[in-house]
Amino acid sequence: MTKRTAHGTGGRLTDAAGSLAAKADLKGRTQTRAADLKDKAGALTVQLREGANRAGHHAQDRAAKRGHTAQEQMTRARHRLLEQALRTGHAVQEGAERAGHLASEKAVEAGRVAEEHIPRSARGALRGTRRHSRPVLLAGAALAFAGAFVMGALRRGRRR
């Protein structure tokens, strides 16, 4: 029995000695701990990179969607403005046509009234001017200019 006990005690002593030796190996423990920390840091780095990539892709997708939305809104606004400009242009054109027709009608009416008040002897000359209205208008403009010139000269003569 003594041998067994000695052997059992010796085994325990060997284990204790090995345990003490492992605890005493500070350099080995430090290296093991450093390797563990390095592995954890590497894994954390990979996780952070993946998270950053996901966040970047998410931000890029959101920016692209917002860009498309803004582009669509600008297109709709441009179409609304073009439609409004066309409606305004048509309204102006219609107003100008109405004004032109009204002016033409007024001119015809004024001509008719004037013709009624012109002596019969001068009506033939008036009808002739309708056929050759441009030369008559030029002659009328020249007479109006000459009349204005004469009136100006007369006024200047009175002032002196």
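The residue count restarts for each chain, going from 1 along the sequence in the order it is written. Since the coordinates come from a predicted model, pLDDT governs what is reported: local features require at least 70, and pairs of side-chain atoms require 80 or more to be given and counted, while whole-chain, interface and lining totals use all residues. Derived side-chain values reflect all non-hydrogen atoms in the structure, with water molecules and hydrogen atoms excluded from consideration.

Novice: How should I be thinking about the overall build of the protein in this particular structure?
Specialist: Comment: elements are numbered from the N terminus, with helices defined as DSSP H or I runs of at least four residues and strands as E runs of at least two. Within the protein, the secondary structure is distributed over four helices and zero strands. Listed by position from the N terminus, the elements making up the protein come as α-α-α-α. Here the open area of atoms and residues is found with the Shrake-Rupley method and a 1.4 Å probe, where only the protein chains shown may cover a residue. Of the accessible surface of the protein, which amounts to about 14500 Å², a share of 61% is contributed by carbon and sulfur atoms.

Novice: Mind showing me how you'd approach a nonpolar patch on the surface here?
Specialist: Patches here are clusters of residues that have more than 30% relative accessible area and form no salt bridge, with a 9 Å joining cutoff for like charges and a 5 Å cutoff for nonpolar side chains (Val, Leu, Ile, Met, Phe, Trp, Tyr). Salt bridge criterion: a side-chain nitrogen from Lys or Arg within 4 Å of a carboxyl oxygen from Asp or Glu. On the surface, a nonpolar cluster with roughly 400 Å² of combined accessible area is contributed by Phe149, Val150, Met151 and Leu154. Exposure is judged per residue with a 1.4 Å probe applied to protein chains only, and the accessible area is read against the type maximum: over 50% gives exposed, under 20% gives buried, and values in between give partly exposed. Met151 sits in the partly exposed class, given a relative accessible area of 43%.

Novice: What is the right way to read the confidence of the model for the protein from this model?
Specialist: Caution applies to low-pLDDT parts of the model: their predicted coordinates are not meant to be read in detail. Confidence of the predictor at the level of single residues is given by pLDDT, which spans 0 to 100. Per-chain confidence: the protein averages 81 in pLDDT, with 80% of residues scoring 70 or above. Highest mean pLDDT in the protein belongs to helix α2 (residues 26-117) (90); lowest belongs to helix α3 (residues 120-131) (64). Throughout residues 1-6 the model reports pLDDT below 50, and contacts reaching past four residues in sequence, or to other chains, amount to zero contacts. Contacts: residue pairs with any heavy atoms within 4.5 Å of one another.

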